[in-house]
Amino acid sequence: MTLSTLGYASVIAALLGAVVMAVAGLVGGYRDRPALRDAARRASYFCFFAMSSAMLIMEIALLSHDFSVDYVARVGSRETPAYYTAISLWSSLDGSILFWGWILSGYAAFVAFVRRRGADRLTPFVTATLGIVGIFFFGLLVGPANPFGLVVPAPANGPGPNPLLQNHALMGLHPPLLYLGFVGLSVPFAFAIGALLSGNLEAGWLRDARRWMIAAWAFLSLGIVGGAWWSYEVLGWGGYWAWDPVENASFLPWLTATAFLHSAMVQERRGMLKTWNLSLIICTFLLTLLGTFLTRSGVLDSVHAFTEGVIGPLFLGFIAFVTFTSLLLIVWRSDRLHAKGTLDGVVSRESAFILNNLVFVALTFTVLLGTGFPLIVEAMRSERISVGPPYFNMVATPLALALLFLMGVGPALPWRRMSAERLRRTFWMPTAVGAGVSLVTVALGVRQVYPIITFGLAGFVLATILEEFRKGVSARRRISGGSPVRALLDLFARNGRRYGGYVVHTGIVAIAVALAISGTWKTEREVTLRKGEQVKIAEYTVQFEDVWGREESQRFVVGVTLKTWRGDRYLGEQQPRMNFYQSSQQPIASPAVVTSLTKDLYLTLMAFDSEEREHATIRVIVNPAVAWLWIGGLIVGIGALIAIWPHGRSTYRPELALSLTADLIASPDAEAGPGTDTGATEEEQEQVATRGLEG
Amino acid sequence: MKGATRWLIPLLPVPVLALLAFGLTRSAQVLPSALIGEMAPEFTLQTMEGDSLALSELHGQVIVLNFWASWCIPCREEHPVLARATREYSEGDVRVLGVLYQDDPASAERFMMRYGGDWTTVLDPGSRTAIDFGVYGVPESFFLDTEGKIAHKQIGPLTWSLLRSTVDSLLAASAPGVGS
Amino acid sequence: MLMAAVILAANPVTGAPRPQDREPLSPAEVDQLTAEVAAQLRCPVCRNQAVLESSSGLARQMQTVIREKIAAGETPEQVKAYFVSRYGGWILLKPEPRGINLLVYLLPAAAVLFGGAVLFRQMRRWTGSVGSEEPAPEPPDEALSEEEEAWLRRQIGSAR
């Protein structure tokens, strides 16, 4: 048995498993047959097992340089270091699909395992939906994207992975995160389709879907920030976000997923927006497929485009299938999707969330339009145009600022309604803080409009978040006493969704401020220096020492040694490099970055004198506040973790019930009342709300 | 939405899907030239042998202007096509002219020695001519009619059938008495 | 024809003085204008990178061409028009706002307005149904009154 045969057999087994998941899940769900439901569950475990062995076999083949395996022959090489060989699993299309399929099977098995005890009708349909998605991906692996093809005779060596993907250790980090996020979005989709199929469209499915969505969303967020970091540290152009189609492809589902995370709360609370939420989940999933289609089929020119003949039409076919099926299901169930609730007041948290959704969807539309617009123009006028960063920055900034504003407004508004008087009391402080920040910014001499607005809004949002925490902490201390820190931890433990959400918001504020600062006050210069010559830019000094060259196993490296100072402080020698790979005409630059919390010194080697080694051209960029992008990303991740952390104590606790009952006595409107500030878990609030109303 | 019309909702995404299907029918890498039908930008450049050559000196012939480099792998593929063109068409009718792109003359010379061919290649320091012609990469070939207008641009390696049909149609168009 | 339109747009009748009438630019101004133009042009041999950001040979040489043209007194618009005449509209990272390209600028605004209008109608429908009823009493601002809190503390104390 060769690795090629073993791997291929595993993939075929996974495909069969997915077929069982789909068929047994659908039939078991409709006919309510426990035996079939169990079969669907076991099939999902089996799928995961089969895909895991396929993955393992591929890794073994890669690491043992078994060039008789087609994929290894295309991306492997004996010169590539072991680490890059291991991660070259996602350096080409069919390997990526193998990795994708493995994660999908993992999610499906995990969902089935977590829900193994319940006898609800939803689970088999969820498994079936994941099975159908699995059939598509495993089918690609069995058919046109088979990475396990046998190469006879096996070549002695291969070309190695794409140079861009073996240039920096970070390549091992962000693609798995992105895949975990991307593929994770299939789970809420499966819940949505499952709910439509089962016909039970009450809020139960939504709560579960939302939880999975937060997990996938967190991975996706970290993946996007990680990708930006990679772009910054590896590509050497001095930026972190280029609005490249592949970046947009990860950003689009992030936008709709974020919209859903907010609008789902409106449905949970008020029974509204049912069709809307289903549509958002389905759109999110479709956007992951669309993004993969656009970037991997060669339809759009992208950094990461691999042109592969058959994959494109198959992806398009699957997108069409998912679109039509989902829409038909929604139309079929439309009689069960009527809103139960209504809006009580225009000034309420519901309205803020609905407005937030409008802006998120508008932003999604804009990014999608910009990404696809060259294609539209070509179809209509057969001329080629580009839509690049200057366009996206121009149209996306106002919408992003609107979102920042809503981020401050939403959490401070109560559910249902609010009087003008209370509105004033709630918002005068944050508004004063925001206005103060803007005024100080202007007083410091800043004249650019966007930074002034961004800083003001950031102050406004942070003030509301801090106020929310203050209220929550003091409410908890009133109830259970203890130190403020203890009360804060208690808040996170008991109402992680809400307070974790605020932590996420804090991270987003950090990112917004970092974007505004680094986008506005980036200083750059390109200089050609002779040996010993110095250049000063901002408070940094750079001195050119030497040009050198070095042969490495898989590449040839040319670098320059630069001495750097910030003010009088010596920052050490920096070595920006150019890497020359056999398989690439263009050298791949490796910048040298000196990071600090306030500013980064970013050095890229642009050209060097190969004969005399006397001078070199260096691009020197002073990038302020970039570190805060990564810190903000980390805060977002921590916040999301708090939000999905299972809060163990969901049992009924009498003292909280009493506190909430007291609120109910004070006001018949428990949800709008300050009861939400006690930091009770959602379950407690609901139990109490029910009891209170009964009482 | 009520009644039967709601069942039409699933048809709404059809235009988007059609657009995506259109996207699959063409290559994102191949770009049309903005210069088709325009006079070719004039240049006077040094040949590899050190002589000076102006494009306008060659007017009156069909010109195949080929941007190439020794490091470019597809250029090796199309090299025999250009060689065949110099053999099968008489000088005076058709002229193949290479423009060296992002390469040093020494390696270009070695390339020509190795793969054969005696047509002229001019050097393009600073890629000014390449930029003037809107070149994206190599190989790219421009077909100029006898008046010096750009009639066609090929991105990527030439094939013999493409070269022959393009050159023949340009020769036919310029033949006296035809196509008046 | 198209070219003429571009050049006309770049040089409106009332517009900038002709190159030779202007003061020569200082080196810093040339640098700045060069970077400005180079940031808006797409590097032909890269994938989705601006000329400014690319270290590829052709992009470096394009920067040299831009610099020379700026130093010779051409306006940024004229330099961009030159590149458009050679590479087509593809070379601009921000499409020229004319013809069909207008859609990419107008549709997002239209989407916001349309979405806002739909939302406004829907909001009125949602809130309208309760508008006729008595407004619910405003929830109190403080979590509990002192009295209630004292009561609650007693209850909690006894529950423990």
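Throughout this description, residue numbers start from 1 for each chain and increase along the sequence as written. Starting at A for chains and at 1 for ligands, labels are handed out in the order in which the entities are written. Residues qualify for local features only when their pLDDT is at least 70, as the model is predicted, and side-chain atom pairs are given and counted only at 80 or more; totals for whole chains, interfaces and linings, by contrast, use all residues.

Trainee: Whenever I open this one, the overall build of chain B confuses me. Can you help?
Mentor: Secondary structure is summarised from DSSP: a helix means a run of H or I of at least four residues, a strand means a run of E of at least two, and numbering begins at the N terminus for each. Counting its regular elements, chain B contains 5 helices and 7 strands. In terms of overall dimensions, chain B is more spread out than a globule: its C-alpha atoms have a radius of gyration of 21 Å, far above the 16 Å expected for 180 residues. Each of the three principal axes of chain B carries a C-alpha extent, and together these read 80 × 45 × 25 Å. Within chain B, the fraction of its 180 residues that count as buried is 37%. Sequence-distant contacts in chain B: of pairs separated by 6 or more residues, those separated by 24 or more amount to 72%. Here the globule rule is a power law, 2.2 Å times the number of residues to the power 0.38, and the radius of gyration is based on C-alpha atoms. Here a residue counts as buried when 20 or more other C-beta atoms fall within 10 Å of its C-beta, as exposed when 12 or fewer do, and as partly exposed in between; the C-beta atoms come from the backbone. Contacts here follow a simple rule: the backbone-placed C-beta atoms of the two residues must lie within 7 Å.

Trainee: How should I be thinking about the overall build of chain A in this particular structure?
Mentor: A tally of regular secondary structure across chain A gives 21 helices and 10 strands. Here the C-alpha atoms of chain A give a radius of gyration of 27 Å, agreeing with the 26 Å that 2.2 N^0.38 yields for 695 residues. Viewed in the frame of its principal axes, chain A has a C-alpha envelope of about 90 × 70 × 55 Å. In chain A, which comprises 695 residues, the share counted as buried stands at 57%. Summarising the internal contacts of chain A: among those between residues at least 6 apart in sequence, 73% fall at separations of at least 24.

Trainee: Explain the interface of chain C and chain B here, please?
Mentor: The figure often quoted for interface size is the accessible area lost as the parts come together. Contacts between the two partners involve 13 residues from chain C and, on the opposite side, 14 residues from chain B. Those elements that provide at least two residues to the side of chain C that touches chain B are helix H3 (57-71) and helix H4 (76-87) of chain C. Here the side of chain C that touches chain B gets 6 residues from one element, more than from any other, and that element is H3 of chain C. For this classification, Asp, Glu, Lys and Arg are treated as charged, while Ala, Val, Leu, Ile, Met, Phe, Trp, Tyr, Cys and Pro are nonpolar and the rest, including Gly, are polar. Grouping the amino acids of the side of chain C that touches chain B by side-chain chemistry returns 7 nonpolar, 5 polar and 1 charged.

Trainee: Just checking my understanding: could you explain the environment of phenylalanine 580 of chain A for this structure?
Mentor: Residues and elements named next belong to chain A. Positionally, phenylalanine 580 belongs in strand S6 (residues 577-581). Counting along the chain gives 29 residues from phenylalanine 580 to aspartate 609, while the straight-line C-alpha distance between them is 16 Å. In contact with phenylalanine 580, other than residues within four places in its own chain, are Arg555, Phe556 and Pro587.

Trainee: What exactly am I supposed to notice about the packing of helix H7 (residues 174-184) of chain A against helix H9 (residues 203-234) of chain A here?
Mentor: Residue and element names in this part refer to chain A. Axis definition: a line fitted to C-alpha atoms, over the contacting stretch in the case of helices. Angles run 0 to 180 degrees between N-to-C directions. Their axes nearest at 7 Å, the elements H7 and H9 cross at an angle of 150°. In this view, H7 runs roughly antiparallel relative to H9, as classed from their interaxial angle. Where H7 crosses over H9, the handedness of that crossing is left-handed. For the pair formed by H7 and H9, the contact residues are His174, Leu177, Leu178, Leu180, Gly181, Phe182 and Gly184 on the first element and Trp212, Ala215, Ala216, Phe219, Leu220, Leu222, Gly223, Gly226, Gly227 and Trp230 on the second. Looking at side-chain class alone, the contact of H7 with H9 contains 11 nonpolar, 6 polar and no charged residues. Any angle from 65 to 115 degrees is called roughly perpendicular, while one under 35 is roughly parallel, one over 145 is roughly antiparallel, and all others are oblique. A clockwise turn of the near helix away from the far one marks a right-handed crossing, whereas an anticlockwise turn of less than a right angle marks a left-handed crossing.

Trainee: Would you explain the environment of glutamate 573 of chain A in this entry?
Mentor: Residue and element names in this part refer to chain A. Relative to the assigned elements, glutamate 573 resides in strand S5 (residues 569-574). Sequence separation between glutamate 573 and glutamate 545 is 28 residues, and the spatial gap between their C-alpha atoms is 9.2 Å. For glutamate 573, the contacting residues outside a window of four places in its chain are Thr561, Leu562 and Lys563.

Trainee: Just to check I follow, could you spell out H3 of chain C for this structure?
Mentor: The α-helix winds at 3.6 residues per turn, so residues separated by three or four positions along the chain end up facing the same way. Helix span, as expected, comes to 1.5 Å for every residue beyond the first. Between the first and last C-alpha of H3 of chain C there are 21 Å, a value that for 15 residues agrees with the 21 Å anticipated at 1.5 Å per step. Among all positions in H3 of chain C, only Leu58, Ala59, Met62, Gln63, Ile66, Lys69 and Ile70 of chain C are buried. Taken down its axis, H3 of chain C places every buried residue within 145° of arc, on the same side. Where H3 of chain C is buried, its residues touch helix H4 (128-132) of chain B together with helix H2 (27-40) and H4 of chain C. One or two positions beyond H3 of chain C, positive phi appears at glycine 73 of chain C, with a value near 100°. In this context, the arc is that of the directions from the helix axis out to the C-beta atoms.

Trainee: Even after reading the chapter, I still don't get helix H17 (residues 484-494) of chain A, so can you show me in this structure?
Mentor: Regarding H17 of chain A, the residues found buried are Ala487, Asp490, Leu491, Phe492 and Arg494 of chain A. Where H17 of chain A is buried, its residues touch helix H16 (449-480), helix H18 (496-520) and helix H19 (627-644) of chain A.

Trainee: For this particular structure, what's the right way to read unusual backbone geometry?
Mentor: Both trends apply: most residues other than glycine have a negative phi, and most peptide bonds are in trans. Geometrically, the link from valine 152 of chain A to proline 153 of chain A is a cis peptide bond, its omega value of -10° lying close to zero. Of note, proline 153 of chain A is situated in the loop between helix H6 (122-142) and H7. The step from valine 138 of chain B to proline 139 of chain B runs through a cis peptide bond, and the omega angle for that step is -5°. Along the chain, the position of proline 139 of chain B falls in the loop between H4 and strand S6 (140-144). Of note in the backbone geometry, glutamine 102 of chain B takes a positive phi value of approximately 50° without being a glycine. Mapped onto the fold, glutamine 102 of chain B is located in the loop between strand S4 (94-100) and helix H3 (105-115). Judged by the 20 C-beta atoms lying within 10 Å of it, glutamine 102 of chain B is buried.

Trainee: Which parts of the structure should I look at to understand the domain arrangement of chain A?
Mentor: On domain assignment, one finds that chain A holds domain 1 (1-161), domain 2 (166-338 + 351-407), domain 3 (523-628) and domain 4 (648-695). A straight line from the C-alpha centre of domain 1 of chain A to that of domain 3 of chain A covers 43 Å. What fixes the domain bounds is an automatic or database domain assignment.

Trainee: Sorry if this is basic, but what is going on with the sheet that holds strand S8 (residues 592-594) of chain A here?
Mentor: Within a sheet, adjacent strands bond to each other through the backbone by hydrogen bonds, running parallel or antiparallel. Residue and element names in this part refer to chain A. Whether two strands pair depends on DSSP finding at least two bridges between them. With antiparallel pairing, the 4 strands of this open sheet are ordered in space as S1-S10-S9-S8. Across the chains shown, the open sheet's two edge strands, defined by having one partner strand only, are strand S1 (523-530) and S8. Strand-to-strand twist across the sheet, computed as the mean angle between neighbouring axes with direction ignored, equals 20°. Sheet analysis places S1 next to strand S10 (residues 615-624), joined by 8 bridges and oriented antiparallel. What sits directly across from threonine 528, in S10, is threonine 617.

Trainee: Can you walk me through the sheet that holds strand S3 (residues 62-68) of chain B in this structure?
Mentor: All names here are of chain B. Read from one edge of the open sheet, 5 strands run S5-S4-S3-S6-S7, paired in mixed fashion. What marks the edges here is a single partner per strand, and that holds for strand S5 (120-122) and strand S7 (150-155). Adjacent strand axes in the sheet meet at a mean angle of 20°, parallel and antiparallel pairs treated alike. Strand direction decides the pairing type here: S3 and S6, joined by 5 bridges, are antiparallel. What sits directly across from leucine 65, in S6, is phenylalanine 142.

Trainee: Quick question: what am I supposed to make of the packing of helix H1 (residues 3-31) of chain A against helix H2 (residues 34-63) of chain A here?
Mentor: Helix packing for two helices is described by the angle between their axes and how far apart those axes are. Residue and element names in this part refer to chain A. For the pair H1 and H2, the least separation of the axes is 8 Å and the interaxial angle reads 160°. What the angle tells us is that H1 and H2 run roughly antiparallel. At the point where H1 passes H2, the crossing takes the left-handed sense. Taken together, the residues of the contact of H1 with H2 sort by class into 23 nonpolar, 7 polar and 1 charged.

Trainee: Is there a simple way to explain the nonpolar core in this structure?
Mentor: In a soluble, globular protein the nonpolar side chains are often hidden away together inside. Within the largest apolar cluster, 291 residues are counted, with the highest numbers of intra-cluster contacts made by Met21, Cys47, Ala192, Val513 and Ala514 of chain A together with Leu41 of chain C. A total of 18 residues in this core trace back to one element, the largest contributor, which is H9 of chain A. For our purposes the nonpolar core covers buried Ala, Val, Leu, Ile, Met, Phe, Trp, Tyr and Cys residues that link as a set through C-beta atoms within 7 Å.

Trainee: What should I look at first to understand the pairing of S6 of chain B in this one?
Mentor: For a regular strand, side chains alternate in direction, first toward one face of the sheet and then toward the other. Residue and element names in this part refer to chain B. For S6, a buried count of 5 out of 5 residues is recorded, marking the element as mostly surrounded by other parts of the structure. Burial of S6 is two-sided: the residues Glu140, Phe142 and Leu144 facing one way and the residues Ser141 and Phe143 facing the other way are all buried. Here 5 bridges tie S6 to S7, and the two strands are oriented antiparallel to one another. In the strand pairing of S7, phenylalanine 143 is matched with histidine 152. A loop of 5 residues connects S6 with S7, the two strands running antiparallel in sequence, and glycine 148 in this loop sits at a positive phi of about 95°.

Trainee: Got a minute to help me understand the confidence of the model for chain B in this structure?
Mentor: Residues shown with low pLDDT carry predicted positions that ought not to be read at fine detail. One number per residue, pLDDT, summarises how confident the predictor is, and it ranges from 0 to 100. Here chain B averages 86 in pLDDT, and 93% of its residues register 70 or above. Here the complex is predicted with pTM 0.86, and the ipTM for its interfaces comes to 0.84.

Trainee: Is there a simple way to explain the confidence of the model for chain A in this structure?
Mentor: All names here are of chain A. For chain A, the average pLDDT comes to 86, and 91% of its residues sit at 70 or higher. At the low end of the mean pLDDT range in chain A sits helix H21 (residues 682-694), at 42; at the high end sits helix H8 (residues 186-198), at 95. Taken as a whole, residues 649-655 scores under 50 in pLDDT and shows 11 contacts with residues more than four places along the chain or in a different chain. Counted against residues more than four places away or in other chains, residues 663-695, with its pLDDT under 50, gives 75 contacts.

Trainee: Looking at this structure, how should I read the environment of alanine 175 of chain B?
Mentor: Residue and element names in this part refer to chain B. By the element assignment, alanine 175 lies in the segment after helix H5 (160-174). We classify alanine 175 as exposed; it has 10 C-beta atoms within 10 Å. Residues alanine 175 and threonine 146, spaced 29 residues apart in sequence, show a C-alpha to C-alpha distance of 9.8 Å.

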